[in-house]
Amino acid sequence: MAINDVEHCEHTEIHAELVEAARAHMPAEDELYDLAELFKVFGDSTRIRILFALFENEICVCDLAELLNMTQSAISHQLRILKNARLVKSRREGKQVFYYLADDHVRTIINQGLDHIEE
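Residues numbered from 1 in each chain as written. Predicted model: local features only at pLDDT ≥ 70, side-chain atom pairs only at ≥ 80, totals over all residues. Heavy atoms only, no water.

Sheet topology note: the strand β2 (residues 88–93)/strand β3 (residues 96–101) ladder contains 6 bridges and is antiparallel. Bridge pairing in β3 places R92 opposite V97. Counting the residues between successive antiparallel strands, the hairpin from β2 to β3 contains 2 residues, one of them, G94, with a positive phi of roughly 65°. (Pairing = 2+ DSSP bridges. Helix = DSSP H or I, 4+ residues; strand = E, 2+ residues; numbered from the N terminus.)

So, in structure tokens, the structure goes:
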């Protein structure tokens, strides 16, 4: 889409009350940055597949690798990103590490995104 294809105002007129209302509800710059970083994590289909796999049960790295037809190393790399973003947590059971969704917010974000694209 060329820039000329985007609709825009034909003349500049600032609506101060609308600008101020939006400004009053704008989060702090550091919060906006953190939010953008969070959404970047959702920008990888492998990570989305991992999150979907964790919807019903916790699952170990070996099982995730089998399910997604990937190496354990590749799965571990993606899980590290998800864990750093506080989207998943883990627990060790002997020599295995099981992962699970950090909280119900993760499920909500994914489901709302899915609802949005299915509209």
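To continue, consider the packing of aromatic side chains. Counting across every chain of the model gives 2 aromatic pairs. Note on F39 and F42: the rings are 6.2 Å apart at their centroids and 50° apart in plane angle, and the pair reads as tilted. Judged by relative accessible area, which is 46%, F39 ranks as partly exposed. Both rings, one in F52 and one in F55, keep their centres 4.9 Å apart while their planes meet at 35°; by these two values the pair is tilted. Here F52 falls in the partly exposed class, since its relative accessible area comes to 36%. (Phe/Tyr/Trp six-rings, centres within 6.5 Å; stacked < 30°, edge-to-face > 60°. Buried < 20%, exposed > 50% of the residue type's maximum accessible area, 1.4 Å probe, protein only.)

This part is about the packing of helix α3 (residues 45–53) against helix α6 (residues 104–118). Interhelical geometry of α3 versus α6 gives an angle of 120° and a closest axis separation of 11 Å. Judged by the twist between their axes, the crossing of α3 over α6 is left-handed. When α3 is examined against α6, the residues I48, L51 and F52 are found in contact with a partner set consisting of V106, I110 and L114. Class assignment for the residues of the contact of α3 with α6 results in 6 nonpolar, no polar and no charged. (Axes fitted to C-alpha atoms, helices over the stretch in contact; angles between N-to-C directions. Left-handed = near helix turned anticlockwise from the far one by under 90°. Contact = heavy atoms within 4.5 Å. Nonpolar A, V, L, I, M, F, W, Y, C, P; charged D, E, K, R; others polar.)

Turning next to the environment of K89. Inspection of the secondary structure assignment puts K89 in strand β2. Look at K89 and you get partly exposed, because its relative accessible area is 41%. Sequence separation of K89 and E58 is 31 residues, and the distance between their C-alpha atoms is 9.5 Å. Setting aside anything within four residues of it in sequence, one finds K89 in contact with F98, Y99, Y100 and A102.

Taken as a whole and assessed by the stated rule, the structure comprises 4 salt bridges. Between E20 and R23 there is a salt bridge; the shortest N-O distance is 2.5 Å. Highlighted residues: E20 and R23, both in helix α1 (residues 16–25), separated by 3 residues, approximately one helical turn. For E20, a relative accessible area of 44% puts it in the partly exposed group. For R23, a relative accessible area of 51% puts it in the exposed group. Across the pair E93 and R91 runs a salt bridge whose closest N-O atoms are separated by 2.8 Å. Residue classification places E93 among the partly exposed residues on the basis of a relative accessible area of 43%. (Salt bridge = Lys/Arg side-chain N within 4 Å of Asp/Glu carboxyl O.)

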